[in-house]
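Reading the structure
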Amino acid sequence: MRQLTRIHAVVRHEQRQRDEWYLVRDPNGRRYVLFETFDIGTTSDPVNPCRKREISVRTILAQNNELSYKLRSLMDI
């Protein structure tokens with residue numbers, strides 16, 4: 001079973017969306033960042049309420065922003 005650790009979340013009220021980032025560890029040892037965007041307060045698509053994207057850990061760590069700092073602290077780099 002994969003392990004999810006929440007890294008960061010942002011609510012964009014003007015677009016009625018919430019973005020969330022998770023550090024994912026698969027049973028085979030693979031690590032990546034899962035990025036999800038949820039629509040807030042809509043029930044237009046109850047089967048698929050969010051959009052997901054997998055991003056490499058290296059890609060996030062190469063950035064110089066709050067998300068990369070939080071990921072570094074979780075990974076003890």
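Rules and cut-offs
Residues numbered from 1 in each chain as written. Predicted model: local features only at pLDDT ≥ 70, side-chain atom pairs only at ≥ 80, totals over all residues. Heavy atoms only, no water. Helix = DSSP H or I, 4+ residues; strand = E, 2+ residues; numbered from the N terminus. Buried < 20%, exposed > 50% of the residue type's maximum accessible area, 1.4 Å probe, protein only. Contact = heavy atoms within 4.5 Å. Areas by Shrake-Rupley, 256 points an atom, 1.4 Å probe, with all protein chains shown as cover.

All right, on to the overall build of the chain then. Across its full length, the chain carries 2 helices and 4 strands. Its helices and strands in sequence order give the chain the pattern β-β-β-β-α-α, from N to C terminus. Counting all 77 residues of the chain, 34% fall into the buried class. Counting only contacts in the chain whose residues sit at least 6 apart along the sequence, the fraction spanning at least 24 positions is 27%. Put simply, the chain shows about 5400 Å² of open surface, and 49% of that area lies on carbon and sulfur atoms.

It is worth stressing that arrangement in space is one thing and function is another; only the former is reported here.
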